[in-house]
Amino acid sequence: MNKPALCKGCAESVIVTEEVIQELVEEARENPSKIVSEEIYTVRLAACEACQSLQYGTTCAHSGCIVRYRAMFKNKKCPSPSSPKWHSDKSPA
């Protein structure tokens, strides 16, 4: 039987359910002053989905963040050390 993949820094599975992701997204939307427009969010997500560092369809290998959550915030940027795909409070690079 296969064990779920574990995060190196914790004892939890790195596989995050759609329900948990949706809860995070809804919580972030409660403070609209901190999140990007829907247009910028969509462009950021497309960049993340095309990135080779996306793991499990949900998680960035560079930061360990859920991309659908991180991409929402104005103050966040793509954590790729060599070639960020998008920058804080802006559309993609």
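Described below are features of the structure shown in this document.

Calculation notes
Residues numbered from 1 in each chain as written. Predicted model: local features only at pLDDT ≥ 70, side-chain atom pairs only at ≥ 80, totals over all residues. Heavy atoms only, no water. Helix = DSSP H or I, 4+ residues; strand = E, 2+ residues; numbered from the N terminus. Buried < 20%, exposed > 50% of the residue type's maximum accessible area, 1.4 Å probe, protein only. Contact = heavy atoms within 4.5 Å. Areas by Shrake-Rupley, 256 points an atom, 1.4 Å probe, with all protein chains shown as cover. Patch = residues over 30% accessible without salt bridge, like charges linked within 9 Å, V, L, I, M, F, W, Y side chains within 5 Å. Salt bridge = Lys/Arg side-chain N within 4 Å of Asp/Glu carboxyl O. Lys, Arg positive; Asp, Glu negative; His and termini not counted. Charge placed at Lys NZ, Arg CZ, Asp CG, Glu CD. Expected span 1.5 Å × (residues − 1). Arc of directions from axis to C-beta.

As for the overall build of the chain
Here is step 1: Each helix and strand in the chain was counted, giving three helices and two strands.
Here is step 2: Helices and strands in the chain line up, N terminus first, as α-α-β-β-α.
Here is step 3: Expressed as a percentage of the 93 residues in the chain, the buried residues total 27%.
Here is step 4: For the chain, contacts bridging at least 24 residues in sequence account for 46% of all contacts bridging at least 6.
Here is step 5: Taken as a whole, the chain presents about 6400 Å² of accessible surface, with 53% of it coming from carbon and sulfur.

With respect to a negative patch on the surface
Here is step 1: Taken together, the side chains of Glu19, Glu23, Glu27 and Glu30 present a region of like negative charge at the surface.
Here is step 2: You can see Glu27 is positioned in helix H1 (residues 18–28).

Digging into helix H2 (residues 38–50)
Here is step 1: Given a rise of 1.5 Å per residue, 13 residues ought to cover 18 Å, and the 18 Å separating the end C-alpha atoms of H2 matches this to within 8%.
Here is step 2: Within H2, burial applies to Tyr41, Arg44, Leu45, Ala47 and Cys48. All buried residues of H2 lie within an arc of 160° about the axis, which places them on one face of the element. Residues of H2 that are exposed and point over 90 degrees away from its buried face: Glu39, Glu49 and Ala50.
Here is step 3: Where H2 is buried, its residues meet H1, strand E1 (54–55) and helix H3 (67–70).

Examining the pattern of salt bridges
Proximity of charged atoms lets side chains of opposite charge pair with each other.
Here is step 1: Counted according to the given criterion, the structure contains three salt bridges.
Here is step 2: For Glu18, the salt bridge is made with Arg68, and the minimal N-O distance between the two is 2.9 Å. Of this pair, Glu18 sits in helix H1 while Arg68 sits in helix H3, placing them 50 residues apart in sequence.
Here is step 3: Judged by relative accessible area, which is 47%, Glu18 ranks as partly exposed.
Here is step 4: By relative accessible area, which is 23% here, Arg68 ends up partly exposed.
Here is step 5: In this structure, the salt-bridge partner of Glu26 is Arg29, at a minimum N-O distance of 3.5 Å.

As far as function goes, none of this settles anything; it's purely spatial.
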